[in-house]
Amino acid sequence: MLILGNTFKNVKVETSWETYVMIAVYFTILLAIGFYAYKRSTSTLDEYMLGGRDLGALVTALSAGASDMSGWMIMGLPGSVYSIGLSATWIAIGLTIGAWLNYVLVASHLRIYTELSDNAITLPDFFEKRLSDNTRIVKIISGLVIVIFFTLYTHSGMVAGGVLFNSAFGLNYHVGLILAASIVILYTLFGGYLAVSLTDFFQGVIMILALVLVPIVAILKLNGLDTFSEVGRLTPTSLDWFKGTTTVGIISLLAWGLGYFGQPHIIVRFMSIKTHKLMPRARRIGISWMAISLIGACITGLIGIVFVEENNVKVDNPETIFIVMSQFLFHPLIGGFFLAAILAAIMSTISSQLLVTSSALTQDFYMLLRGKTLQDKEHEKEFVLVGRISVLIVSLIAMYIAWHPNDTILNLVGNAWAGFGAAFGPLVLLSLYWKRLTKYGAIAGIVSGSLIVIFWILMKEHGGIFEFYEIIPGFIMSMILTIIVSLFTNPPEEKTVNNFDEMVKILKN
């Protein structure tokens, strides 16, 4: 999800030594997890990039959720509900449905098919092997899309971390940027995928605790369940699901769910679980975590209206309502825990994006240039080293861009969700459900989906049909062109068809 780089500019938090202690403990735990993962699962590229495909359902589910939601769930969603009311919750509904469909339609199929496809460990690698693309064009195009967008995406998270440290702790922005980035870089660089997944699990636990405790304690300290009646009295439109929005707006918010099918940092979680048979359990855990967290975020924003009124609190930026309530309601030690929850939301997404970008650089470009594959076991240490160097390079580039934050770049990053969803979403679905898919159809889908999203963004100022969220036309056009071009080009090779049939057979058993 979108990381809110400018969210924290008007945050004013009274910090104490207890708060600093909690943040220090949080950072120590992250580094300890990184060290544990370094010792346990980084000897091969498969281990470094996918944890050796040996993760359980609980870690898979919570790491997928934490890497997905980012600071948007703790900051952006409560802020929107606080400002607009229940009509802002349509996006939460769309995302929950989309995440559930992603588990149902993609998760098990992708876990099996990537292993059948010569143990593909990245999305571009899977596309190439699934389509028997000897030209390597599909891998190069999809790899470039991942590297460019995720480098920019990662930079926005670092901006958010730097600004949070500046606003909440009074640290210089650049010092905060270096501190936040350094922690993420260290545990990602050394611990690889296992470290990222375990820290995401830990951060997912922190996030759900924060989003459950803050609204519950706030309700108890206000007027109990009557607080919602107070919301209706103060701002009657806040309890109206349709006030302040339009049919186009509701459809656009629900359409955010389409993006899940094409998000590399989320669906890579499905590739790392121990067996596809654990996926139903992971789905139940993941969707439950997501639903509870989103409901907590929405309730926080809603009762924040009463909280601000009764406590005569000034909120300059609606997106800081969670911070204001958590620091006002709890002891500084617990307040530090909630600030750690915000950092958790930011860091979990940064680390996931770093690793996906690193895997693209390592396997989709470096190994391609070297003419090597995962089967070249004598080069395993070299591949892992390149993976670590790639994490460092991407991090340094992202930090360089973040050193002087640019609002234009941050706004562009906000469209990355739509870009990935339109470029990769239809291709992922068709690769798992349609034998007739070809490499030329895949190229047409990736290119058309990306271009339509860009065109739609540029045309939004003209209104009309361009008011629809850009993922809708991009996803539809990508799906149509992928099918049409595939039908008019040579059918896939027999090996590709056999792998597809084998996947279906395993699923039935």
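What counts and how
- Within each chain, residues carry numbers counting from 1 in the order of the written sequence.
- Where totals are concerned, whole chains, interfaces and linings use all residues; where local detail is concerned, this predicted model gives features only for residues with pLDDT of at least 70, and gives and counts side-chain atom pairs only at 80 or more.
- As a rule here, side-chain values come from all non-hydrogen atoms in the structure, and water together with hydrogens is ignored.
- What counts as a helix is a DSSP run of H or I of at least four residues, what counts as a strand is a run of E of at least two, and both are numbered from the N terminus.
- Using C-alpha atoms as the atom set, the radius of gyration is obtained and then compared with a globule rule of 2.2 Å times the number of residues to the power 0.38.
- Categorising residues by exposure relies on relative accessible area from a 1.4 Å probe, with only protein chains included: less than 20% of the type maximum marks a residue as buried, more than 50% marks it as exposed, and the intermediate range marks it as partly exposed.
- Should any heavy atoms of two residues lie within 4.5 Å, those residues are counted as being in contact.
- To be clear on the numbers: accessible area is Shrake-Rupley with a 1.4 Å probe, and residue cover counts the displayed protein chains and nothing else.
- Neither His nor the chain termini are counted; the positive set is Lys and Arg, and the negative set is Asp and Glu.
- Just so you know, the charge point we use is NZ for Lys, CZ for Arg, CG for Asp and CD for Glu.
- Classification of ring pairs uses Phe, Tyr and Trp, with its six-membered ring standing for Trp, and accepts pairs whose centres are within 6.5 Å; under 30 degrees between planes counts as stacked, over 60 as edge-to-face, and the remaining range as tilted.
- To get an axis, a line is fitted to the C-alpha atoms, and for a helix only the part in contact is used. The angle between two axes follows their N-to-C directions and goes from 0 to 180 degrees.
- We call two directions roughly parallel when the angle between them is under 35 degrees, roughly antiparallel when it is over 145, roughly perpendicular when it lies between 65 and 115, and oblique otherwise.
- For any helix crossing, the convention is left-handed if the near helix is rotated counterclockwise from the far helix by under a right angle, and right-handed if that rotation is clockwise.
- Amino acid classes used here: Ala, Val, Leu, Ile, Met, Phe, Trp, Tyr, Cys and Pro are nonpolar; Asp, Glu, Lys and Arg are charged; the rest, including Gly, are polar.
- The working definition used for a salt bridge is a side-chain nitrogen of Lys or Arg within 4 Å of a carboxyl oxygen of Asp or Glu.
- A patch consists of residues exposed above 30% relative accessible area that lack any salt bridge, with like charges linked at up to 9 Å and nonpolar side chains (Val, Leu, Ile, Met, Phe, Trp, Tyr) linked at up to 5 Å.
- Pairing of N or O atoms within 3.5 Å defines a polar contact, subject to two protein rules: one partner must be a possible hydrogen donor and the other a possible acceptor, and residues neighboring in sequence count only if both atoms are side-chain atoms.

1. Structural notes on the overall build of the protein chain
Next, step 1: Secondary structure assignment for the protein chain yields 19 helices and zero strands.
Next, step 2: On C-alpha atoms alone, the protein chain measures out to a radius of gyration of 22 Å, which is about the 23 Å that the 2.2 N^0.38 rule sets for 509 residues.
Next, step 3: Across its three principal directions, the C-alpha atoms of the protein chain cover 70 × 50 × 45 Å.
Next, step 4: Taking all 509 residues of the protein chain together, 60% fall into the buried category.
Next, step 5: Across the protein chain, contacts joining residues at least 24 apart in sequence account for 84% of those joining residues at least 6 apart.
Next, step 6: Total accessible area computed for the protein chain in this model is approximately 19,400 Å², and 66% of it derives from carbon and sulfur atoms.
Next, step 7: A distance of 7 Å separates the average location of the 32 positive side-chain charges in the protein chain from that of its 32 negative side-chain charges.

2. So, the packing of aromatic side chains
Next, step 1: Enumeration over the complete set of coordinates arrives at 24 aromatic pairs.
Next, step 2: Taken together, the ring pairs in this structure connect Tyr113, Phe126, Phe127, Phe149, Phe150, Tyr153, Phe420, Phe424 and Phe500 into an aromatic cluster.

3. Section: the packing of helix 17 (residues 439–459) against helix 18 (residues 471–487)
What describes two packed helices is the angle between their axes and the distance between those same axes.
Next, step 1: Remark: helix 17 packs on helix 18, axes separated minimally by 8 Å, with the N-to-C direction vectors making an angle of 155°. As judged from the angle between their axes, helix 17 and helix 18 are roughly antiparallel. Handedness of the crossing formed by helix 17 with helix 18: right-handed. Residue-level inspection shows Tyr440, Gly441, Ala442, Ala444, Gly445, Ile446, Ser448, Gly449, Ile452, Val453 and Trp456 of helix 17 in contact with helix 18, the latter providing Pro473, Gly474, Met477, Ser478, Leu481, Thr482, Val485 and Ser486.
Next, step 2: Of the residues in the contact of helix 17 with helix 18, the class split is eleven nonpolar, eight polar and no charged.

4. A closer look at the packing of helix 5 (residues 123–130) against helix 16 (residues 416–433)
Next, step 1: In the contact formed by helix 5 and helix 16, the axes pass within 11 Å of each other and the chain directions differ by 45°. In terms of their interaxial angle, helix 5 and helix 16 are classed as oblique. Relative to helix 16, helix 5 is oriented so that their crossing is left-handed. Contacts from Leu123, Phe126, Phe127 and Arg130 in helix 5 reach Phe424, Leu427, Val428, Leu430, Ser431 and Leu432 in helix 16.
Next, step 2: Of the residues contributing to the contact of helix 5 with helix 16, the split by class is eight nonpolar, one polar and one charged.

5. Notes on unusual backbone geometry
In most cases, non-glycine residues show a negative phi, while peptide bonds are predominantly trans.
Next, step 1: One non-glycine residue, asparagine 119, lies in positive phi territory at about 55°.
Next, step 2: Mapped onto the fold, asparagine 119 is located in the loop between helix 4 (90–116) and helix 5.
Next, step 3: Its identity as a non-glycine residue notwithstanding, serine 132 has a phi of 50°, on the positive side.
Next, step 4: Inspection of the secondary structure assignment puts serine 132 in the loop between helix 5 and helix 6 (137–169).
Next, step 5: According to the relative accessible area criterion, serine 132 is buried, its value standing at 16%.

6. Some remarks on the environment of valine 147
Next, step 1: Looking at the secondary structure, you find valine 147 in helix 6.
Next, step 2: Judged by its relative accessible area of 16%, valine 147 is buried.
Next, step 3: In sequence terms valine 147 and tyrosine 400 are 253 residues apart; their C-alpha atoms lie 16 Å from each other.
Next, step 4: Other than its neighbours up to four places away in sequence, valine 147 contacts Thr357, Ala360, Leu361 and Phe365.

7. Topic: the pattern of salt bridges
Next, step 1: If you walk through the whole model with that rule in mind, you get eleven salt bridges.
Next, step 2: Of the charged contacts in the structure, one is a salt bridge between lysine 274 and aspartate 54, with a shortest N-O distance of 3.9 Å. In this pair, lysine 274 is assigned in the loop between helix 10 (264–272) and helix 11 (279–311) and aspartate 54 in the loop between helix 2 (45–50) and helix 3 (57–84), connecting sequence segments 220 residues apart.
Next, step 3: Judged by its relative accessible area of 46%, lysine 274 falls in the partly exposed class.
Next, step 4: Under the relative-accessibility criterion, aspartate 54 is labelled partly exposed at 37%.
Next, step 5: A salt bridge links lysine 139 to glutamate 128; the nearest nitrogen and oxygen atoms lie 3.4 Å apart. With a gap of eleven residues between them, lysine 139 in helix 6 and glutamate 128 in helix 5 connect regions that are remote in the sequence.
Next, step 6: Among the residues examined, lysine 139 registers a relative accessible area of 5% and is labelled buried.
Next, step 7: Via salt bridges that share partners, Asp125, Glu128, Lys129, Arg136 and Lys139 belong to a single interconnected network.

8. Here's the deal with the side chain of asparagine 499
Next, step 1: Following the sequence through the fold, asparagine 499 ends up in helix 19 (residues 494–508).
Next, step 2: Residue classification places asparagine 499 among the buried positions, given a relative accessible area of 17%.
Next, step 3: In this structure, asparagine 499 is in contact with Tyr113 and Leu116, ignoring residues within four places of it in sequence.

9. Concerning a nonpolar patch on the surface
Next, step 1: Taken together, the side chains of Val21, Val25, Ile29, Leu333 and Ile334 make up a nonpolar region of the molecular surface, amounting to roughly 320 Å² of accessible area.
Next, step 2: Looking at the nonpolar patch, the elements that each hand over two or more residues are helix 1 (17–40) and helix 13 (332–370).
Next, step 3: Here the nonpolar patch takes three residues from helix 1, the largest share from any one element.
Next, step 4: Inspection of the secondary structure assignment puts valine 25 in helix 1.

10. Side note on the side chain of threonine 151
Next, step 1: As for its position among the elements, threonine 151 is in helix 6.
Next, step 2: In this structure the side chain of threonine 151 is engaged in a polar contact, spanning 2.6 Å, whose partner is the backbone oxygen of valine 147.
Next, step 3: Sequence-distant contacts of threonine 151, that is, excluding residues within four places in its chain, are made with Ile146, Thr357, Val394, Ile397 and Ala398.

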